[in-house]
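Given next are the chains, with one letter for each unit.
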Amino acid sequence: MLARLTFVSILMLAWAGGYAHGAPPDRFAIIIGNNEYERLPNGDPRPSSNFNLLTTQNDAIAYADTLAELGWTVINESLDNLTKGGMERMIFSAARQIGAGSEVLFVFNGHGFSDQGQNYLVGVAEDGEQFQTHDDMIAGSMPLMSVIERLAINEPARIIAVINACSDETLVQGVSQEPVRQSFDGSGVDEVLVLFSSSPRGIAYDVLDNFEREDPNSLSVFSRAFLPAIRDDRPLLSVFADVRIEVERMSRRAADAAGATGQRQLQIPHVLFDTINGRFSVANVANTSLNVAPGADWRIDPRACVLNEDYLAEALAARDTAPVRSIGTTNTDSVNACIAAAALSDLGIEGLNYAPEHNGVRVLQSSPGKRVENDDIISRLTFVEADGPQRYRNFGSIEEFREVLARHYFREETKLNLYIGKQENGGRDWDFNWDRE
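Each chain has its residues counted from 1, running along the sequence as written. Given that the model is predicted, a residue must reach a pLDDT of at least 70 before its local features are reported, and side-chain atom pairs must reach 80 or more before they are shown or counted; all residues, however, enter totals for whole chains, interfaces and linings. With hydrogens and water excluded, all non-hydrogen atoms of the structure serve as input to the side-chain values.

Visitor: Looking at this model, I keep getting lost on the overall build of the protein chain. Mind explaining?
Guide: Runs of H or I in DSSP of at least four residues are treated as helices and runs of E of at least two as strands, each being numbered from the N terminus. Secondary structure summary: the protein chain contains 11 helices and 16 strands in total. Relative to its 437 residues, the protein chain shows a buried fraction of 54%. The contact rule is simple, with two residues in contact once any of their heavy atoms fall within 4.5 Å. Partitioning the contacts of the protein chain with sequence separation of at least 6, the portion at a separation of at least 24 is 71%. Of the roughly 19000 Å² that the protein chain leaves accessible, carbon and sulfur atoms contribute 46%. Between buried and exposed lies partly exposed: a residue is buried under 20% and exposed over 50% of the maximum accessible area for its type, with that area taken using a 1.4 Å probe on protein chains only. Areas reported here follow the Shrake-Rupley algorithm with a probe of radius 1.4 Å; residue values treat only the protein chains shown as occluding.

As structure tokens, then:
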């Protein structure tokens, strides 16, 4: 019999720039280990269930212990066997403890699947119940994107999601286990790194052989390679290169024990998507922070423009008086990022995602007493420049919305109009005339 299979993905996301005042960020970890997916009415695991898992609780405990030793604060009390509702409540509670500029590591050990372009994390069934249909799986699972959006509301500096989802058989008819490549543009996060413990069509092993199935302390193959490696004071991508080699080496033993042959029976971790700061270190927070001093150039840390009016004034002057493409090290990015960050703060927008059904952006979190409210949909912006015709812009992405703000916000001679509405109600038009004094 084949060893139980696992896939692990690591999704790392970060707001652009470093930390405005150079202080190392707080680091928070949220960890789940779901293994008793099918239980009897009395709460005992259902015997011989194909859904129940072997190593997920051990993995969860090992992640909690390792991360605590590395200075991460594990902020959830329950590490195991959460239903979808339990996961949602725990994540919502954790999100309230996460402040701007902090770093967040979310680790999920359990079942995962994909459906219509979304990756899902499966909660355990209620006592006495079982997942039997595709609809059951959807109803009992939490989209990964929802986890990221909730944790991103208070603008942590980085979010790392480790998704360790295990199964050696098809979950239910019509449910695919192969993780899909998602776009995380809607999260409002700029830097993304997605790592998988195995190639998309490859195998990932829980244990090396059948003898280990009886070991109550067994870890998944990827976890036993990854957890010791992240103790190294090196960039994660450098660590991951070594982990890839070690996991492939161990998978040869697992494949031999299972009688499996062929290249696809090897477990070969790979990078699926990468726009991350290459200096990120799990072990050393100082290596991730850019150590930005209070007087540092705003081009390095555009969030500083929210805190320092002089930085914003420099960016506005660059926008208005010089070719923007000659400013900064990333062409238009540094100027646009500075002005857009200040504009969003002025509007009171603390969290955004893209709402394709409305061709606009949705406000996930707003500041009290500001111009926008939670769940507002901003679908269009019109602007009239001095002695010019009225023009309008719709938004095909969050980046387009930020680009419009960067080009037209804080122009004293420009009249702006945002079309804002809620999903259940009609929109409302607001005219703004900004004065920077």
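Visitor: For this particular structure, what's the right way to read helix H4 (residues 144-151)?
Guide: Helical geometry note: an α-helix holds 3.6 residues per turn, so side chains three or four residues apart project in the same direction. With six of eight residues buried, H4 lies mostly within the body of the structure. Among the residues of H4, Leu144, Met145, Val147, Ile148, Glu149 and Leu151 are the ones counted as buried.

Visitor: Can you help me understand the packing of helix H2 (residues 84-97) against H4 in this one?
Guide: Helix-helix packing: each pair is described by the crossing angle between the helix axes and the interaxial distance. For helices, the axis comes from a line fit to the C-alpha atoms of the stretch in contact; other axes are also lines fit to C-alpha atoms, and the angle between any two N-to-C directions lies between 0 and 180 degrees. Put simply, H2 and H4 touch, their axes get as near as 9 Å, and they point 25 degrees apart. Considering their axes alone, H2 and H4 lie roughly parallel with respect to each other. Residues Ile91, Phe92 and Ala95 of H2 form the contact with H4, whose participating residues are Val147, Arg150 and Leu151. Residues of the contact of H2 with H4, tallied by class, amount to five nonpolar, no polar and one charged. Geometric relationships in this document are graded by angle, where less than 35 degrees denotes roughly parallel, more than 145 denotes roughly antiparallel, 65 to 115 denotes roughly perpendicular, and other angles denote oblique. Three categories are distinguished: nonpolar for Ala, Val, Leu, Ile, Met, Phe, Trp, Tyr, Cys and Pro, charged for Asp, Glu, Lys and Arg, and polar for the others, with Gly belonging to the last.

Visitor: Sorry, what's going on with the side chain of aspartate 206 here?
Guide: Turning to its location among the elements, aspartate 206 is positioned in the loop between strand E9 (191-196) and helix H5 (221-229). Take aspartate 206: its relative accessible area is 0%, and that puts it in the buried class. Within the structure, aspartate 206 has its side chain in polar contact with the side chain of threonine 55 (distance 3.4 Å). Between N or O atoms, a polar contact is any pair within 3.5 Å; within protein, one atom must be a potential hydrogen donor and the other a potential acceptor, and residues adjacent in sequence are included only when both atoms are from side chains.

Visitor: What is the right way to look at the environment of phenylalanine 410 in this model?
Guide: You can see phenylalanine 410 is positioned in the loop between helix H11 (398-408) and strand E15 (415-421). Assessed through its relative accessible area of 10%, phenylalanine 410 is described here as buried. Distance from phenylalanine 410 to leucine 312, taken between C-alpha atoms, is 10.0 Å for residues 98 residues apart in sequence.

Visitor: What should I look at first to understand the packing of helix H9 (residues 309-321) against helix H10 (residues 333-347) in this one?
Guide: It is at 9 Å that the axes of H9 and H10 come closest, and there the two elements cross at 125 degrees. For the element pair H9 / H10, the angle class is oblique. Viewed along their axes, H9 and H10 form a crossing whose handedness is left-handed. Across the interface between the two elements, Tyr311, Leu312, Ala315, Leu316, Ala318 and Arg319 from H9 touch Val335, Cys338, Ile339 and Ala342 from H10. Residue composition of the contact of H9 with H10, by class: nine nonpolar, no polar and one charged. For any helix crossing, the convention is left-handed if the near helix is rotated counterclockwise from the far helix by under a right angle, and right-handed if that rotation is clockwise.

Visitor: What's the story with the environment of phenylalanine 51 in this structure? I'm lost.
Guide: Relative to the helices and strands, phenylalanine 51 is located in the loop between strand E2 (27-33) and helix H1 (56-69). The exposure class of phenylalanine 51 is buried, given its relative accessible area of 7%. Taking the C-alpha atoms as reference points, phenylalanine 51 and histidine 111, 60 residues apart in sequence, are found 8.3 Å from one another.

Visitor: Help me understand the pattern of salt bridges, please; the structure alone is not making it clear to me.
Guide: Pairing is possible between side chains that carry opposite charge, provided their charged atoms lie close to one another. The working definition used for a salt bridge is a side-chain nitrogen of Lys or Arg within 4 Å of a carboxyl oxygen of Asp or Glu. Within this structure, the stated rule accounts for 11 salt bridges. The residue arginine 407 makes a salt bridge to glutamate 403 at a minimum N-O spacing of 2.1 Å. Taken together, the residues arginine 407 and glutamate 403, both in helix H11 and four residues apart, mark about one turn of the helix. A residue is classified by how much of its surface remains accessible, and arginine 407, at 46% relative accessible area, is partly exposed.

Visitor: Help me understand unusual backbone geometry, please; the structure alone is not making it clear to me.
Guide: Of note in the backbone geometry, asparagine 81 takes a positive phi value of approximately 55 degrees without being a glycine. Along the polypeptide, asparagine 81 turns up in the loop between strand E3 (73-74) and H2. With a relative accessible area of 15%, asparagine 81 lands in the buried category. Despite not being glycine, glutamine 116 has its phi angle at roughly 50 degrees, a positive value. Here glutamine 116 lies in the loop between strand E5 (112-115) and strand E6 (118-122). Among the residues examined, glutamine 116 registers a relative accessible area of 78% and is labelled exposed.

Visitor: Would you mind showing me how to read the sheet that holds E5 here?
Guide: Within a sheet, neighbouring strands are paired by backbone hydrogen bonds and run either parallel or antiparallel to one another. Being paired, for any two strands, means DSSP has found at least two bridges between them. Within the open sheet, the three strands sit side by side as E5-E6-E7. Their pairing is antiparallel. Every other strand in the sheet has two partners, leaving E5 and strand E7 (141-143) as the edge strands with one partner each. Each strand of the sheet is rotated relative to its neighbour by a mean of 35 degrees, with strand direction disregarded. Bridge analysis of E5 against E6 gives four bridges, and the strand direction is antiparallel. Paired with aspartate 115 across the strands is glutamine 118, a residue of E6. Those strands touched by H2 are E6 and E7, and its axis lies near 40 degrees from that of E7. Most of the contacts of H4 go to E7, to which it runs at about 60 degrees, and overall it touches E6 and E7.

Visitor: So what exactly am I meant to see when it comes to the side chain of glutamate 212 here?
Guide: Here glutamate 212 is to be found in the loop between E9 and H5. Here glutamate 212 falls in the buried class, since its relative accessible area comes to 16%. In terms of polar contacts, glutamate 212 uses its side chain to reach the backbone amide nitrogen of leucine 208, at 3.0 Å. Residue contacts for glutamate 212: discarding those within four places in its chain leaves Val207, Ser218, Arg224 and Arg253.

Visitor: Can you walk me through the confidence of the model for the protein chain in this structure?
Guide: Where the model shows low pLDDT, its predicted coordinates should not be examined in detail. Note: pLDDT gives the predictor's confidence per residue, expressed from 0 to 100. Looking at the protein chain, pLDDT values average 77 and 78% of them are 70 or higher. Of all the helices and strands in the protein chain, strand E1 (residues 6-14) carries the lowest mean pLDDT, 41, while E3 carries the highest, 94. Residue range residues 1-22 is modelled with pLDDT below 50. Its contacts to residues more than four positions away, or to other chains, number 138 contacts. Low pLDDT, under 50, characterises residues 433-437; the stretch is placed with 13 contacts to residues that sit more than four places away or in other chains.

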